[in-house]
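# Summary of structural features
So you can see what is in the structure, the chains are spelled out below.
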Amino acid sequence: MTMSELKINQRLIMTPGPTMVDPRVSQAMSNQILGQFDPDFTDIMNENMALIRKSFRTKNQWAFPIDGTSRAGNEAVIGSIVSPGDSVLVPVFGRFGDLFVELAERAGGKVTTMTTEWGTVFDQDRIIDEIDRLKPKVVAIVHGETSTGRLQPIDRLGEAVHRYGGFLVVDAVASYMGTPVEVDKWQLDAVVGGAQKCLSIPSGITPITFNDRFAEEINQRKRVEQGVRTATDREGRNFITSNYLDLTQLQDYWSPRRLNHHTEATVADYALHEGLRLALQEGLNSRFSRHLKIHRALNDGLTAMGLSIYHAGDHEMPMVTCVQIPEDLDGDAFRAKLLRNFGVEISSSFGSLQGKIWRIGTMGYSAQKGFITNFVALFGAALLQSGISVDLKAGLDAVEAAFTTPKQTLKTLEV
Ligand SMILES: Cc1ncc(COP(=O)(O)O)c(C=O)c1O
């Protein structure tokens, strides 16, 4: 059987990940492969560590990427810190909280969950009360819960967790590079960022960071694999069961020892380097303001068109817009038509929100005036074609107005 050449159709990707990718990132990825121990490449690795540190605004020494999608980052962190029998508290307010439960249970943790209605966030005092009661070793929480479009305030949790010697683990996969994630100020012990979200590079590599106290704890479980073990490598108690996602071996890989662990994903590192360089060149504060501005412009446009924003203004992630699906419209059939006829992709949701909301992402490179204007035009046209009477002109005017009305100072996004 002969295969024809790949043909990739043009798309306007407006999902909460993946996003459109800056051509400069794609160009960086077309460079020649280097061997993973080539000094040219280890220089890039070191630069990537420095860039990740800056992107998280942290003084942590430990900042490196995991080869794998974002859940590999979550799994590496949880699998390294949670030993069988450890108590873990997970406040769940959407699908990715459930993922933390899943990972912690698989690691043998004794997991306690607390829940709040999907579409809402927790009052931090409620979580702190539970921390005071349980004194857990690990609290794992999602910052930007992409499935419901909510941004959870987390700035006071670190202090509470540390009163009992515990560790605060944060999934900032979707919020990273789109809104502040104050690793040091909020006392976050281990944080997982994302690639194909607000950083806007292809998925497959995941920036993470963790502090020295976290490093010390996981190193008690260190076991270097047989083939590369030396006489000074001792086997820790309750060693980390994953080999690939073992943060302690990865520390040795991402430091002068250059432990021969895996073969680094060269091209993904090129993308990470260029994506982070571009983001830091833009400036983190400017990037955060851009996300907020685009999010507001899109919400204004969709509202003016006659659509309803789900839980508008209530702890919305400034890079995810949740739109209520008009009554009597099959949301998934509409999405399929939008993609087929207009080349535009948006997302549905999960669990209790499946069929009730669409989720539109304005992340990283996708968060541009041109893209959201085109998006509103095509989305409105597709709705009209599906028999939903929206005011397309009002929608487009509202988007335009959001960019032409005198600039208000955008409030900082600290929660
Ligand atoms: C908040 C959050 N956490 C984790 C993940 C998992 O990421 P990945 O699909 O890259 O493994 C996602 C992906 O959508 C996410 O939005």
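Predicted model only: the values in this text are computed from it and were never measured. (Residues numbered from 1 in each chain as written. Predicted model: local features only at pLDDT ≥ 70, side-chain atom pairs only at ≥ 80, totals over all residues.)

### Structural notes on unusual backbone geometry
- The omega torsion across Gly17 and Pro18 is 0°, close enough to zero to call that bond cis.
- Mapping Pro18 onto the fold places it in the loop between strand S1 (12-13) and helix H1 (23-29).
- If you check the backbone angles, Asn238 has positive phi at about 50° while not being a glycine.
- Along the chain, the position of Asn238 falls in the loop between helix H7 (212-219) and helix H8 (247-253).
- The phi dihedral of His311 is positive, around 45°, even though this residue is not glycine. (Helix = DSSP H or I, 4+ residues; strand = E, 2+ residues; numbered from the N terminus.)

### Section: the domain arrangement of the protein chain
- Taken domain by domain, the protein chain comprises domain 1 (23-279) and domain 2 (284-404).
- Spacing between the C-alpha centres of domain 1 and domain 2 amounts to 30 Å.
- Taken residue by residue, the interface counts 22 residues in domain 1 and 21 residues in domain 2. (Domains from an automatic or database assignment. Contact = placed C-beta atoms within 7 Å.)

### Remarks on the UniProt feature "modified residue: N6-(pyridoxal phosphate)lysine" (unreviewed entry) in the protein chain
- In the UniProt entry, the feature "modified residue: N6-(pyridoxal phosphate)lysine" (unreviewed entry) is given for Lys197.
- Structurally, Lys197 can be placed in the loop between strand S9 (190-192) and strand S10 (205-210).
- The residues contacting Lys197, other than those within four sequence positions of it, are Gly17, Thr19, Val173, Ala174, Tyr176, Met363 and Gly364. (UniProt positions renumbered as here; feature names shortened; annotations may be inferred.)

### Regarding the site of the ligand
- Taken together, Gly17, Thr69, Ser70, Arg71, Phe96, Val142, Gly144, Thr146, Asp171, Val173, Ala174 and Ser203 make up the full set of residues adjacent to the ligand.
- Partitioning the shell around the ligand into residue classes produces 4 nonpolar, 6 polar and 2 charged. (Near = placed C-beta within 6 Å. Nonpolar A, V, L, I, M, F, W, Y, C, P; charged D, E, K, R; others polar.)

### Section: the sheet that holds strand S5 (residues 138-142)
- Overall, mixed pairing links the 7 strands, which are arranged S2-S10-S9-S8-S5-S3-S4 in an open sheet. The sheet is open, and its two edges are formed by strand S2 (62-67) and strand S4 (110-115), each paired on a single side. The mean angle between the axes of side-by-side strands here comes to 20°, regardless of whether they run parallel or antiparallel.
- In this structure, strand S3 (residues 87-92) lies alongside S4, joined through 6 bridges in parallel fashion. Bridge assignment links Val90 to a residue of S4, and that residue is Thr113.
- Set on the sheet, helix H5 (residues 124-134) makes contact with S3, S4 and S5; between it and S3 the angle comes to about 165°. (Pairing = 2+ DSSP bridges. Axes fitted to C-alpha atoms, helices over the stretch in contact; angles between N-to-C directions.)

### Some remarks on the packing of helix H12 (residues 369-385) against helix H13 (residues 392-404)
- Orientation of H12 relative to H13, taken along the N-to-C sense of each, is 165°, at an axis distance of 9 Å. Regarding the angle of H12 to H13, the classification is roughly antiparallel. Crossing hand, H12 versus H13: right-handed. For the pair H12 and H13, the contacting residues are Lys369, Ile372, Thr373, Val376, Ala377, Gly380, Ala381 and Leu384 in the first and Leu392, Gly395, Leu396, Val399 and Phe403 in the second.
- The class makeup of the residues in the contact of H12 with H13 is 9 nonpolar, 3 polar and 1 charged. (Parallel < 35°, antiparallel > 145°, perpendicular 65-115°, else oblique. Left-handed = near helix turned anticlockwise from the far one by under 90°.)

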